[in-house]
Amino acid sequence: MTPRARANETVTWPEANARRLARQHLSAPAPGLSPAEAAGAMLGTHAQVLSAAELSVGLRGEGLTRTDVRTALWAEDPARRTLVKTFGPRGTVHLLPAAELPLWTGALSSVPTGPNPFPQDTRMTPEQVEEVVAAIGAELTGAELTVDELSDEVVARTGPWAGDLVMPGFQTMWPRWRQVLHLAGHRGALAYAPNRGRRAAYTNPGYTPLPGPEAQAALVERYLSAYGPATPAHFARWLAAPKRWAEELFASLAAAGSIEEVAFEDAGPAWVVAGDTDFPADPVRGVRLLPYFDAFAIASQPRERLFPGRAYERALAGGQAGNYPVLLVDGTVAGVWHQRRSGKRIAVTVEPLEPLPARRLRALEDEVERVGAVMEGRAELTVGVVSVGAHA
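Not measured: the values here are computed from a predicted model.

Conventions adopted
Residues numbered from 1 in each chain as written. Predicted model: local features only at pLDDT ≥ 70, side-chain atom pairs only at ≥ 80, totals over all residues. Heavy atoms only, no water. Salt bridge = Lys/Arg side-chain N within 4 Å of Asp/Glu carboxyl O. Helix = DSSP H or I, 4+ residues; strand = E, 2+ residues; numbered from the N terminus. Buried < 20%, exposed > 50% of the residue type's maximum accessible area, 1.4 Å probe, protein only. Pairing = 2+ DSSP bridges. Contact = heavy atoms within 4.5 Å. Axes fitted to C-alpha atoms, helices over the stretch in contact; angles between N-to-C directions. 1 Å grid on protein atoms, 1.4 Å probe; cavity = no way out; pocket = protein on both sides within 12 Å on 5 of 7 lines; lining within 4 Å. Points joined across faces, edges and corners; volume = space filled by probe spheres on them. Nonpolar A, V, L, I, M, F, W, Y, C, P; charged D, E, K, R; others polar.

Trainee: Is there a simple way to think about the pattern of salt bridges in this case?
Mentor: Opposite charge on two side chains lets them pair, provided their charged atoms get close. Scanning the entire structure with this criterion turns up 20 salt bridges. R285 serves as the salt-bridge partner of D330, at 3.9 Å between the closest nitrogen and oxygen. Note that D330 is positioned in the loop between β14 (326–329) and β15 (332–342) and R285 in the loop between β12 (278–280) and β13 (287–290), a separation of 45 residues in sequence. In this structure R285 comes out as exposed when scored by relative accessible area, which is 56%. With a closest N to O distance of 2.6 Å, D330 and R360 form a salt bridge. Of this pair, D330 sits in the loop between β14 and β15 while R360 sits in helix α15 (residues 358–374), and the two are 30 residues apart along the sequence. Ionic contacts of the salt-bridge type, sharing partners, join the residues R19, R23 and D276 into one network.

Trainee: Where do I start with the sheet that holds strand β4 (residues 93–97) in this structure?
Mentor: Across a sheet, strands are paired by hydrogen bonds formed along the backbone, either parallel or antiparallel in direction. Reading across from one edge, β2-β4-β3 is the order of the 3 strands in this open sheet, with antiparallel pairing throughout. Both edges of this open sheet fall to β2 (45–46) and β3 (83–87), since each of them pairs with a single strand only. Where β3 lies against β4, 5 bridges are found, and the strand directions are antiparallel. The residue bridging L83 from the neighbouring strand is P97, located in β4. Strands β3 and β4 of the sheet are contacted by helix α4 (residues 66–74), whose axis makes an angle of about 75° with β3.

Trainee: When you look at the layout of surface pockets in this model, what are you seeing that I'm missing?
Mentor: Which parts of space are left empty comes out when a probe the size of a water molecule is rolled across the atoms. Its boundaries defined by the atoms lining it, the largest pocket holds a volume of some 1400 Å³. Contributing to the lining of the largest pocket are 42 residues, with Q48, F87, V93, F170 and Y192 lying nearest its centre. In the lining of the largest pocket, the residues fall into 22 nonpolar, 12 polar and 8 charged. Here the second largest pocket defines a volume of roughly 660 Å³.

Trainee: Quick question: what am I supposed to make of the side chain of H338 here?
Mentor: One can find H338 in strand β15. In this view, H338 contacts Y292, A347, V348, T349, V386 and V388; residues no more than four positions away in its chain are not counted.

If you want it as structure tokens, here you go:
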């Protein structure tokens, strides 16, 4: 694509969207891209549904498969584990590049939190929070424990109060200490280990977080490089952070000359990394399928431009992105889809919001074939209504 420098002109939505797609390796899969590089390009891969994370990563690299992602995560030789499954933006489970964990933990652990969401009789004091995080880090150092094993050790180290069953979770009650599980991840004291049977396991990844201000500045620059132009409100929403804190952080980085302001269509003043003002002049073309919780669908703003018209109602769950796998046509959401696996067979149903012409159907067939290759199965396309509801 031909770049076009923007000085004092307004950056249009098509230009911003084209650059984001290119930097996400969604314009075309990148030859030689590793799973860690793919996850880094999208600023972490949402992994609440691990198969969706495998597909998010695999679709961005030429020839990548789910086995490549699993090897990067769980290789028997720890030196080959280039991805880490841990708690990322918004406190949700993500795949992050192992080499970037000091940056992520330094940034996430220093983001101010909002009001305590738990009832008064469920909460922990600040001192208890520190006790539990220290206990988690100590017990997981050099060990891999299931959550039940970890719970026993945390309670033994801190006291019976940590084991009080006061936390609602999946039709049962969890012990009090589990309300800071994600915080332990943000502090670098906890990450996922290979499952033990069907049980999740955890370990201490052994990374030291970068200092907070340094890590926050680096994360803003990474975010603007991937998703800019963007406003502090966009950044705060992506990170689930206070808007005023984000505004102050952007102001400090602007004063330091690290980021610069541009005019962004429909969003008003927005920001890019200083000097990063080239945008593609050519329009986005092509058909893409993105799985549940793909980072591009979640982070791109303004959301109503990525989900125009009927797509905003059909492909979002109450305005929340990620709960439906989406069909992209020429860079915007134009439908939803679903896959159902049985052995090697993967039945893919795609529901376009408008009828697709013959050339788009052929492109969609090619994309479905790519889904099958990434997931190491045989994908078969049906164009029709997706009856499955939004993912919780």
